[in-house]
Amino acid sequence: NYYIKLVIYPTELSIVEKAYLIGFRLGDLNVFKDYHSVCIQSSTTILEQLNLIKTLFNKYTNVSINKHKSGTFHAQFRLNKSFEFLLPKKDIIEDWILLNNECFISFLAGYTDAEGNIQMYRNRLRFRVRTYDKNILYQMHKKLTEMNIHSIYRLESRAGKYNQNQDCWSLSINKQEDIKKLSKLMLPHLKHAKR
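All values reported here derive from a predicted model rather than from experimental measurement.

S.K.: Residue-level account of the pattern of salt bridges, with values.
M.R.: If you walk through the whole model with that rule in mind, you get 6 salt bridges. Two residues, glutamate 156 and arginine 130, come together in a salt bridge whose shortest N-O distance is 3.6 Å. With glutamate 156 in strand S7 (residues 152-157) and arginine 130 in strand S6 (residues 124-131), this residue pair connects regions lying 26 residues apart in the sequence. Given a relative accessible area of 23%, glutamate 156 falls into the partly exposed group. With a closest N to O distance of 3.9 Å, glutamate 146 and lysine 143 form a salt bridge. Here the residue glutamate 146 and the residue lysine 143 both occupy positions in helix H5 (residues 134-146), the gap between them amounting to 3 residues, near one helical turn. Residue classification places lysine 143 among the buried positions, given a relative accessible area of 8%. Among the charged side chains, a salt-bridge network with shared partners connects Arg130, Arg154 and Glu156.

S.K.: Explain the packing of helix H4 (residues 101-115) against helix H6 (residues 176-186) to me, using residue names and the numbers behind them.
M.R.: Where H4 meets H6, the axes come as close as 9 Å, and the angle between the chain directions of the two elements is 100 degrees. Looking at the two axes, H4 sits roughly perpendicular to H6. Along the contact surface, H4 presents Ile105, Leu108, Ala109 and Thr112, while H6 presents Leu182, Leu185 and Met186. In terms of residue class, the contact of H4 with H6 is made up of 6 nonpolar, 1 polar and no charged.

S.K.: For the pairing of strand S3 (residues 64-67), give the residues involved together with the corresponding values.
M.R.: Strand residues, when the strand is regular, have side chains that alternate between the two faces of the sheet. Bridge analysis of S3 against strand S4 (residues 73-79) gives 4 bridges, and the strand direction is antiparallel. Pairing of isoleucine 65 across the sheet is with alanine 75, part of S4. The hairpin formed by S3 and S4 contains 5 residues between the paired strands, and glycine 71 there has a positive phi angle of roughly 100 degrees.

S.K.: Explain the packing of aromatic side chains residue by residue, including any values.
M.R.: Across all of its chains, the model carries 7 aromatic pairs by this definition. When the centroid spacing of 6.3 Å and the interplanar angle of 10 degrees are considered together, the rings of tyrosine 20 and phenylalanine 24 count as stacked. Highlighted residues: tyrosine 20 and phenylalanine 24, both in helix H1 (residues 15-28), separated by 4 residues, approximately one helical turn. Phenylalanine 24 sits in the buried class, given a relative accessible area of 0%. The rings of Tyr60, Phe83 and Phe85 are connected pair by pair, giving a single aromatic cluster.

Cut-offs applied
- Along every chain, residues carry numbers that run from 1 in the direction the sequence is written.
- Side-chain atom pairs in this predicted model are given and counted only at pLDDT of 80 or more, local residue features only at pLDDT of at least 70, and totals for whole chains, interfaces and linings cover all residues.
- Here the side-chain values reflect all heavy atoms present in the structure, with hydrogen atoms and water set aside.
- Think of a salt bridge as a Lys or Arg side-chain nitrogen and an Asp or Glu carboxyl oxygen that are within 4 Å of each other.
- Only DSSP runs of H or I covering at least 4 residues are called helices, and only runs of E covering at least 2 are called strands; the numbering of each starts at the N terminus.
- Any residue under 20% of the maximum accessible area for its type is buried, any over 50% is exposed, and the rest in between are partly exposed; the area is computed with a 1.4 Å probe on protein chains only.
- Only the stretch in contact is used when fitting a helix axis, every axis being a line fitted to C-alpha atoms; angles between N-to-C directions are given from 0 to 180 degrees.
- Here roughly perpendicular refers to angles of 65 to 115 degrees, roughly parallel to angles under 35, roughly antiparallel to angles over 145, and oblique to all remaining angles.
- Whether two residues touch is decided by their heavy atoms; if any such pair falls within 4.5 Å, the residues are in contact.
- Think of it as three bins: nonpolar holds Ala, Val, Leu, Ile, Met, Phe, Trp, Tyr, Cys and Pro, charged holds Asp, Glu, Lys and Arg, and polar takes everything else, Gly as well.
- Note: two strands are recorded as paired if DSSP finds a minimum of 2 bridges between them.
- Centres within 6.5 Å are what make two rings of Phe, Tyr or Trp a pair, Trp counting through its six-membered ring; a difference in plane orientation under 30 degrees is then read as stacked, over 60 as edge-to-face, and the rest as tilted.

Right, dumping it as structure tokens:
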């Protein structure tokens, strides 16, 4: 008797799903091409982040997890060529994402799941993303302004401070009405357990 394991890949992800995965990739994943595969790696000490990576990709492939002595989890896996849209690593949001509000919100949710946080601060909700991706944050700020959601975009700290080798930028939303408006749009797309 022979047993054949069939792995069924999606022929087409929706553009909204692609936008989320691109946002998450730009925030958290190392992606490169190896022969005919798209290879993905990520390291984290946060169990919820590890679980999210497994949830996102286990349906397409086997996600291999190794735990280092330091307590860091290292995930790596291969995807087929239909995931080549994850290869580019540029400090920009592509036009097709910016021109579609649902795609933009999905991208923002993916990027937030990777890099952002939504938390209570002095009994008020606060949304914040800090990263080296100056242009991505600026484009987010501009698009949110177009959607009548007030955000603050600023230089958080200069290179050299806190042992960082690049300037760190931040995007934050502090007004409760703006956070509520954004939350209503973004909640259907957020996947991180702590978001």
